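If you want the building blocks of each chain, they are given just below.
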Amino acid sequence: MTQEFRGLNVIFIDDSISRIHAFLSAKICDLFPKPPKEGGIYSLSNFHVRVYSDDEKNRVVRFAKHIYFVNHTQLTLEEDNITNIAPYAFDLYELNDVKKFLSDSRFLIDVVGIIEDCNMNCVRSREDESKMHIKFRITDGRSAMNVTFFNTLAGDLEK
């Protein structure tokens, strides 16, 4: 295997928490003064959106389209995050569901950890119903970590 730089895989997230994959080839990366910063909020313009063909494998999100950068694509880092866009995103699945993903070679999947106790309940604030949290432990089989999700993320996990 060569150590040749071929490009960057990027996942863009919008304010609806929709995700789309983009690939910046090495040629396109050379057009930007700095590579995209993980967790950064960007304005993107002058790009193409293409539908994946049936034989394209190794997709990183379950969305039928991807962004295709061209020579005149503009990618501008926003200094302030004045949006509701989360800087990171992830999916939580039942471990039994992972088996289905493994047999579908179109998508990549990583198992980061397993939630130890699935009997979790949100704790809601008495003063403000929109404020809540949910606690759980996640393990990778060697060690475990306590995790707390707050507000919307807690409610989504509870569902």
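### A few points about helix 3 (residues 151–158)
Okay, so step 1: Listing the buried residues of helix 3 in full gives A154, G155 and L157. For helix 3, the angular spread of the buried residues around the axis is 160 degrees, confining them to a single face.
Okay, so step 2: Taken together, the buried residues of helix 3 touch strand 9 (132–139) and strand 10 (144–150).

### A word on the nonpolar core
Okay, so step 1: V10, F12, I20, A22, L24, I28, C29, F32, I67, F69 and L75 form the largest nonpolar core, which has 11 residues in total.
Okay, so step 2: Broken down by element, this core gets its largest block of residues, 3 residues, from strand 2 (residues 19–25).
Okay, so step 3: I115, M120, F136 and V147 belong to the second-largest nonpolar core, a separate cluster that totals 10 residues.

### Some points on the pairing of strand 10
Okay, so step 1: Pairing of strand 9 with strand 10, which is carried by 7 bridges, proceeds in the antiparallel orientation. Within strand 10, the residue paired with I134 across the bridge is F149.
Okay, so step 2: The loop that links strand 9 with its antiparallel partner strand 10 comprises 4 residues; one of these, G141, has a positive phi angle of about 95 degrees.

### Focus on the packing of aromatic side chains
Okay, so step 1: The full count for this structure, using the stated rule, is 3 aromatic pairs.
Okay, so step 2: Considering the side-chain rings of F12 and F69, the 6.4 Å spacing of their centres and the 20 degrees angle between planes classify their relative orientation as stacked. Here F12, found in strand 1 (residues 7–13), pairs with F69, found in the loop between strand 5 (65–68) and strand 6 (74–77); they are 57 residues apart in sequence, far enough to count as distant. You'll find F12 and F69 in the same group, each marked buried.
Okay, so step 3: With centroids separated by 6.2 Å and ring planes inclined at 85 degrees, the aromatic side chains of F32 and F69 adopt a geometry described as edge-to-face. Residue F32 is located in the loop between helix 1 (26–29) and strand 3 (42–45), and its partner F69 is located in the loop between strand 5 and strand 6; the two are separated by 37 residues in the primary sequence.
Okay, so step 4: According to the relative accessible area criterion, F32 is buried, its value standing at 14%.
Okay, so step 5: The exposure class assigned to F69 is buried, which follows from its relative accessible area of 4%.
Okay, so step 6: Members of the aromatic cluster, joined through ring pairs, are F12, F32 and F69.

### Side note on the confidence of the model for the protein
Any region with low pLDDT has predicted coordinates that should not be read closely.
Okay, so step 1: Chain-level pLDDT for the protein is 80 on average; 92% of the residues reach the 70-or-more range.
Okay, so step 2: Element-level pLDDT for the protein is lowest in helix 2 (residues 95–102), with a mean of 74, against a maximum mean of 91 in strand 4 (residues 48–51).

### Let's talk about the side chain of T73
Okay, so step 1: Mapped onto the secondary structure, T73 falls in the loop between strand 5 and strand 6.
Okay, so step 2: A distance of 2.7 Å separates a polar atom in the side chain of T73 from the backbone oxygen of N46.
Okay, so step 3: The contact partners of T73, leaving out residues within four places of it in the chain, are F32, L44, S45, N46 and F47.

### A few points about the pattern of salt bridges
Okay, so step 1: Per the counting criterion, the structure on display carries 1 salt bridge.
Okay, so step 2: For R137, the salt bridge goes to E116, with nearest N and O atoms at 3.0 Å. Pair noted here: R137 is in strand 9 and E116 is in the loop between strand 7 (114–115) and strand 8 (123–124), with a separation of 21 residues, a long-range link.

Reading the values: the criteria
Residues numbered from 1 in each chain as written. Predicted model: local features only at pLDDT ≥ 70, side-chain atom pairs only at ≥ 80, totals over all residues. Heavy atoms only, no water. Buried < 20%, exposed > 50% of the residue type's maximum accessible area, 1.4 Å probe, protein only. Helix = DSSP H or I, 4+ residues; strand = E, 2+ residues; numbered from the N terminus. Arc of directions from axis to C-beta. Contact = heavy atoms within 4.5 Å. Core = buried A, V, L, I, M, F, W, Y, C linked by side-chain atoms within 4.5 Å. Pairing = 2+ DSSP bridges. Phe/Tyr/Trp six-rings, centres within 6.5 Å; stacked < 30°, edge-to-face > 60°. pLDDT = per-residue confidence, 0-100. Polar contact = N/O pair within 3.5 Å; in protein donor to acceptor, adjacent residues only side chain to side chain. Salt bridge = Lys/Arg side-chain N within 4 Å of Asp/Glu carboxyl O.

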